Amino acid sequence: MNVPPSTPVVLALDFGGTKTALTVADQHGTRLRDLTVETAAEHGAQAGLKRAVGAARILLDGREPVAVGVSTIGIPGTDGVALAPNIPGWEDLALGRELALEFPESQLRLATDVKAAARYECDAGALKDCDPGLYVNLGTGLAVAIVAGGTVLTGRHGASGEIGYNLRAPADVGLVSGDRIPLEDVVSGKALSQAAQAQGSTELAGHIGEFIDELAFHLVNLTIAVDPERIVVGGGMVRSWEALHDRLRHALDAAVPYPPQLVPAAHPYDAPLLGALALAVEAARTGT
């Protein structure tokens, strides 16, 4: 799209385990240009960031954005991104400082990808007017976000909803993470991809069933604890929604006292990017 050089723009980036999605929009959030690049996690954090910034420069075409909104795997902080093992070195990357150096004239906002997605779905998607609601991300990793009173709960350390660290069995009680297998290592897009490479089609079909059943076990328990009006599912695995829905629906109906609605996200594949864009638009509007 041809945009006059004088038009103020904002930039949004969504750093995922396998890809980084970017969009440039006007200050009202109308998307003007999009681009997706491979994260190339095997090359490390700095290489992934450099690739993303290069892609952003292509989209910006010489402009400096008024604001930059960022969603990322893990929990972005001052000195690094906590709980982000899928990209080597990402936990030690001072993402905010690095991006502030790249875009010194821009307002900068950062958020965890799943929470950014949940906020967008709450404001303008499938969680709108749901109280409380659950957003479940089934992508490269596994996490959820809890929405209550129109607010996405962050938790004391920003780690609310990081169910990828859940214990899987009573035998896990008391074991540190290095001595047990956390849930995300067996229930995530990354885990399923690894299983597909190692197993034949017959074995894989059985593995997928076990995968969904273990997901259902944790989702049922979380649903009992939260009592949500609706569960919204986003992420790349929504492409297999029919298989996911039937088994999850059965598990919820069988065990939850008040079974909630279960639906795909309004924007199942790009809600984190749209959440990052909403952050950028808000920063541009408020100037803080």
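Shown above is the structure to which this text applies.
The rules behind these values
- Residues numbered from 1 in each chain as written.
- Predicted model: local features only at pLDDT ≥ 70, side-chain atom pairs only at ≥ 80, totals over all residues.
- Heavy atoms only, no water.
- Pairing = 2+ DSSP bridges.
- Helix = DSSP H or I, 4+ residues; strand = E, 2+ residues; numbered from the N terminus.
- Axes fitted to C-alpha atoms, helices over the stretch in contact; angles between N-to-C directions.
- Parallel < 35°, antiparallel > 145°, perpendicular 65-115°, else oblique.
- Left-handed = near helix turned anticlockwise from the far one by under 90°.
- Contact = heavy atoms within 4.5 Å.
- Nonpolar A, V, L, I, M, F, W, Y, C, P; charged D, E, K, R; others polar.
- Salt bridge = Lys/Arg side-chain N within 4 Å of Asp/Glu carboxyl O.
- Buried < 20%, exposed > 50% of the residue type's maximum accessible area, 1.4 Å probe, protein only.

Draft legend 1. Structural detail: the sheet that holds strand β2 (residues 19-26). The 5 strands are arranged β3-β2-β1-β4-β7 in an open sheet whose pairing can be described as mixed. Edge positions in the sheet fall to β3 (31-38) and β7 (107-112), since each has one partner strand and no second. Going from strand to strand, the sheet's axes swing by 15° on average, the running direction of each strand aside.

Draft legend 2. Looking closely at the sheet that holds strand β12 (residues 261-264). Strands sit in the order β10-β9-β8-β11-β12 across an open sheet of 5 strands; the sheet is mixed. Only two strands of the sheet have a single neighbouring strand rather than two, namely β10 (151-152) and β12. Of the strand pairs in this sheet, strand β11 (residues 230-234) and β12 are connected by 4 bridges, and their pairing is parallel. For Val-232, the partnering residue across the bridge sits in β12 and is Val-263.

Draft legend 3. Main features of the packing of helix α4 (residues 189-198) against helix α5 (residues 201-226). Following both chains from N to C, one finds α4 and α5 inclined at 160°, their axes separated by 10 Å at the closest point. Relative to α5, the element α4 lies roughly antiparallel. For the crossing formed where α4 meets α5, the hand is right-handed. Residues Leu-192, Ala-195 and Ala-196 of α4 form the contact with α5, whose participating residues are Leu-204, His-207, Ile-208 and Phe-211. Each residue belonging to the contact of α4 with α5 can be placed in one class, and the counts come to 6 nonpolar, 1 polar and no charged.

Draft legend 4. Representation of the pattern of salt bridges within the structure. Inspection of the entire model under this criterion finds 10 salt bridges. Glu-282 is the salt-bridge partner of Arg-109, the closest N and O atoms lying 2.7 Å from each other. Residue Arg-109 is found in strand β7, and its partner Glu-282 is found in helix α7 (residues 271-286); the two are separated by 173 residues along the sequence. Exposure remark for Glu-282: the relative accessible area of 22% places this residue in the partly exposed category. Close ionic contact of Arg-249 with Asp-253 constitutes a salt bridge, the shortest N to O distance being 2.8 Å. You can see Arg-249 and its partner Asp-253 sitting in helix α6 (residues 241-255), 4 residues apart, about one turn around the helix. Using a relative accessible area of 17% as the deciding quantity, one classes Arg-249 as buried. Because the salt bridges share partners, they merge into one network encompassing Arg-109, Arg-119, Asp-123 and Glu-282.

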